[in-house]
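Per-entry structural report
Each chain, letter by letter, is given below.
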Amino acid sequence: MLSPAATAVAAVRATAGSPAAVRGMHARILKEGLAHHPPNPAALVSAYAKSRLLPDALHLFDETPRRDIYIYSSLLTAVSHSASPELALPILRCMLSADALHPDHFVISSVASVFARLRSRRLGRQLHAHFVASPYNGDDVVKSSLVDMYCKCGSPDDGRKVFDSMSAKNSVVWTALVSGYASNGRSEEALQLFRSMPGRNLFAWTALISGLVNTGESVGAVELFVEMRRDGVRIDDAFVLSIVIGASADLAAFVLGRQLHGSAMRLGFLSNMIVGNALIDMYSKCSDILSAREVFEGITFRDVISWTTMVVGEAQHGRAEEALALYDRMVLAGAKPNEVTFVGLIYACSHAGLVQKGRQLFESMKNEYGITPRLQHYTCYLDLLSRSGHLLEAEELMTTMPYEPDEATWGALLSACTKYKDAEMCIRISDKLLELRPKDSSTYILLSNVYAVNGKWDSVAKVRKCMIGLEIRKEPGYSWIEAGREFRLFHAGEVPLDVREEIMVFLEEMVLEMRKRGYVPDTSSVMHDLEESEKEHHLFLHSERLAVAFGLIKSPPGSVIRVVKNLRVCVDCHTVMKLISEITHRKIVGRSFIREGGHTGQTTAAHMTGKGRTQLREASTHWAACGGWAVVSGRADEICSLTKGKR
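Residue indices follow the written sequence of each chain, beginning from 1 at its first position. pLDDT decides what is reported in this predicted model: residues at 70 or higher carry local features, side-chain atom pairs at 80 or more are listed and counted, and totals for whole chains, interfaces and linings draw on all residues regardless. To get the side-chain values, take all heavy atoms of the structure and skip hydrogens and water.

Points about the overall build of the protein chain
As a reminder of what qualifies: Helix and strand definitions follow DSSP, with helices as H or I runs of at least four residues and strands as E runs of at least two, each counted in order from the N terminus. Each residue's exposure class comes from its accessible area (1.4 Å probe, protein chains only) as a fraction of the maximum for that residue type: buried when under 20%, exposed when over 50%, partly exposed otherwise. Should any heavy atoms of two residues lie within 4.5 Å, those residues are considered in contact. Note that accessible areas follow from Shrake-Rupley with a 1.4 Å probe, and for residues the cover is restricted to the protein chains shown.
Tallying secondary structure elements over the protein chain gives 34 helices and 4 strands in all. Counting all 647 residues of the protein chain, 51% fall into the buried class. Counted over contacts in the protein chain with a minimum sequence separation of 6, partners at least 24 positions apart contribute 66%. Counting only carbon and sulfur atoms, one obtains 53% of the accessible surface of the protein chain, whose full area is about 30100 Å².

Right, here's the structure in full:
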């Protein structure tokens, strides 16, 4: 027959996960005088933690007069999985000094998890040294935690040393090390280790694919996913699918994204929220906002990421009314907007000229939701004011906001000054921006253009001198397009020989038609001191125009032309795309692959030229061989099963 203490412990463990039940059992134990009888305190702390009542667990810990290693182990385990892992540090100090207890292998493992989450390599090495000197130095479970800790702290080589010292290596530690190399940009080592791993399972594949996507190697991630499907790995977890959909979004690979949507449907994951969120983001980034909205409306349970991704997508497509209406629905649904939500909303107001609405949102962010505006919010708000012509108000806000304006903030104001042709303010802002000695090449191009338009060629020379001195080079412009089953990348000023004649004839015909409609080339974006005819020829060979021409020549009639560029699309090319769309009666969608602040996105020239371009084309071909096919027209509800193989 169990003792009263043992019965109480069993009852406490049974209540874990239910706050009301845990508190009720705690009250009962107090009445019976067993509250401080070991191991009740440790069991209660663990039960409170599993019921997401960490403050109660900490309070109970403080009230326990005789704390043993078991209560410390329970509390540190709870803290290691909580939203506040830093709370483990004073608890650990208390254990070592106040109670003079030596950590056992369970405690060391929990503390390793804490230091992994804190990304503290210094504390991690101290813990490792303590472990080596302890009686538990041969424990492979602790070593597995140390491997994970070193990898998450950016030291996969240190993790490898611990890994090599293990006598028994399970799939968990193999996966941790593979993920560590991949997440730290060491893809070759990650792949080599992965290939030598015995019994690769879905989690190992997912860890490697996720690591590649996080470090910008989206093409390699897609290839691995195709290989995984070929190997017949059963996909019984939606996470890997959401990651690969994210990779297709990073690449703006619309056809691939549609194929993955078909896979989600085939595998029964369309109702999964993380897959739905990834699809919304993918369609938004691939400029198919209607399909993004359709996926969003089909999600049964939406979290703040679902709402925010859709709001930002609507905003980026200039659909301010839809974004604001969606925000109202979000609030009524009880979802609390976050910082990113407000970035999207203010951005939407900026591009729609809704100054008063933008002001209201900026204030409600602080007053209603307690969100402290960051520099990114101020930059969007400044963009709203300056785009609407409130230039002086925007400049005044820059001097009074609690952040030092960076080059992106000054650049937003400078772009607006250029739009409103305020020459005096343009020069004043340009001079301030140049004093910052910015690091981004696009900022120098903007400065050079402003000085060139205002005839300040000495300042243009100064900008170029700064670029040379700081070893900053203008990133070459390039655009890519998927036309049918063909993928092509175009560099500015370079027309591939196999399609040169077709593209040049087509563009010349378009120029003649555009001039009949009143088109006059806007050469303000050409920073070189050239004759006007030379500037026009420079514009004529911009990469996005070459890609559009190729798409119109090679794609099926009526299909949408989607072009992605690594840099911002110039004003003249915007005009040209609109006119060509009107002349050919074809929808043309252009996307600049730019992050917030003007920096280029994850897909760089290294990924999309040469080997990278070939890999993406081959990945698409391999996918087709696995049963995939390209949906060129139609909507999300028309996608059928696109992949073969067992689930």
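Text resumes after the structure shown.
As for the packing of aromatic side chains
Note the threshold: Stacked, edge-to-face and tilted are the three classes for Phe, Tyr and Trp ring pairs, Trp counted by its six-membered ring, which pair at centre distances within 6.5 Å; planes under 30 degrees apart are stacked, over 60 edge-to-face, the rest tilted. Comment: the charge-over-ring label is applied if NZ (Lys) or CZ (Arg) is within 6 Å of the ring centre and within 35 degrees of the ring normal.
Counted by the stated rule, this structure contains 12 aromatic pairs. Between Phe362 and Tyr378, the ring centres sit 5.2 Å apart and the planes meet at 70°, which makes this aromatic pair edge-to-face. Taken together, the residues Phe362 in helix H22 (residues 355–367) and Tyr378 in helix H23 (residues 375–387) connect sequence positions 16 residues apart. Per residue, the accessibility class of Phe362 equals that of Tyr378, and both read buried. For the pair Phe490 and Phe550, a centre-to-centre distance of 5.5 Å together with 55° between the ring planes defines the contact as tilted. Placement of the pair is Phe490 in strand S2 (residues 486–491) and Phe550 in helix H31 (residues 543–554), with a sequence separation of 60 residues. Both residues of the pair, Phe490 and Phe550, count as buried. Across from the ring centre of Phe61, 4.6 Å away, lies the NZ or CZ of Arg67, which sits over that ring.

Comments concerning unusual backbone geometry
The phi angle at Arg119 is positive, at roughly 55°, despite the residue not being glycine. The residue Arg119 is located in the loop between helix H7 (105–118) and helix H8 (121–133) in this model. Phi at Ala252 is positive, roughly 55°, even though this residue is not glycine. Note on placement: Ala252 falls in the loop between helix H15 (239–251) and helix H16 (254–267).

A closer look at the nonpolar core
Basically, it comes down to this: Throughout, nonpolar core names a set of buried Ala, Val, Leu, Ile, Met, Phe, Trp, Tyr and Cys residues whose side chains join them through atoms within 4.5 Å.
Within the largest apolar cluster, 152 residues are counted, with the highest numbers of intra-cluster contacts made by Phe225 and Leu413. Broken down by element, the residue count for this core peaks at 8 residues, all from H15. One finds Ile503, Leu541, Leu579 and Ile580 within the second-largest nonpolar core, a separate group that totals 29 residues.

A closer look at the UniProt feature "transmembrane region" (unreviewed entry) in the protein chain
We apply this condition: UniProt positions are given in the numbering used here, feature names are shortened, and annotations may be inferred rather than shown by experiment.
Within the UniProt annotation, "transmembrane region" (unreviewed entry) is assigned to residues 202–226 and 238–257. Regarding residues 202–226, the helix share stands at 88% and the strand share at 0%, and the terminal C-alpha atoms are separated by 13 Å. Each end of residues 238–257 is marked by a C-alpha atom, and these two atoms are 15 Å apart; helix forms 85% of the span and strand 0%.

Thoughts on the packing of H23 against helix H24 (residues 391–400)
Rules: For helices, the fitted axis covers only the stretch in contact; all axes are lines through C-alpha atoms, and the angles between them, taken along N-to-C directions, range from 0 to 180 degrees. Roughly parallel means an angle under 35 degrees; roughly antiparallel, over 145; roughly perpendicular, 65 to 115; everything else is oblique. Each crossing gets its hand from how the near helix is turned against the far one by less than a right angle, where anticlockwise is left-handed and clockwise is right-handed.
It is the contact of H23 with H24, at a shortest axis distance of 7 Å, that shows an interaxial angle of 160°. Put simply, H23 runs roughly antiparallel to H24. Considering how the two elements wind past one another, H23 and H24 form a crossing that is left-handed. In contact with Tyr378, Tyr381, Leu382, Leu385 and Ser386 of H23, H24 contributes Leu391, Glu393, Ala394, Leu397 and Met398.

Considering the environment of Val505
Note on placement: Val505 falls in helix H29 (residues 500–516). We classify Val505 as partly exposed; its relative accessible area is 39%. Expressed as a C-alpha distance, the spacing of Val505 and Ala549, which sit 44 residues apart in the sequence, is 9.7 Å.

Some points on the side chain of Ser120
Note that Ser120 resides in the loop between H7 and H8. Ignoring sequence-local partners within four residues, the contact set of Ser120 consists of Phe115 and Cys153.

So, the environment of Ser306
Within the secondary structure layout, Ser306 lies in helix H19 (residues 304–316). C-alpha of Ser306 to C-alpha of Gly276: the two residues are 30 residues apart in sequence and 7.8 Å apart in space. With sequence-adjacent residues up to four places away left out, Ser306 is seen in contact with Met273, Asn277, Ile280 and Phe296.

Let's talk about the environment of Leu434
Looking at where Leu434 falls in the secondary structure, it is placed in helix H26 (residues 423–435). Here Leu434 falls in the buried class, since its relative accessible area comes to 8%. Residues Leu434 and Trp410, spaced 24 residues apart in sequence, show a C-alpha to C-alpha distance of 9.9 Å. Once residues within four sequence positions are removed from consideration, Leu434 is found in contact with Tyr444, Leu447, Tyr451, Lys462, Val463 and Cys466.

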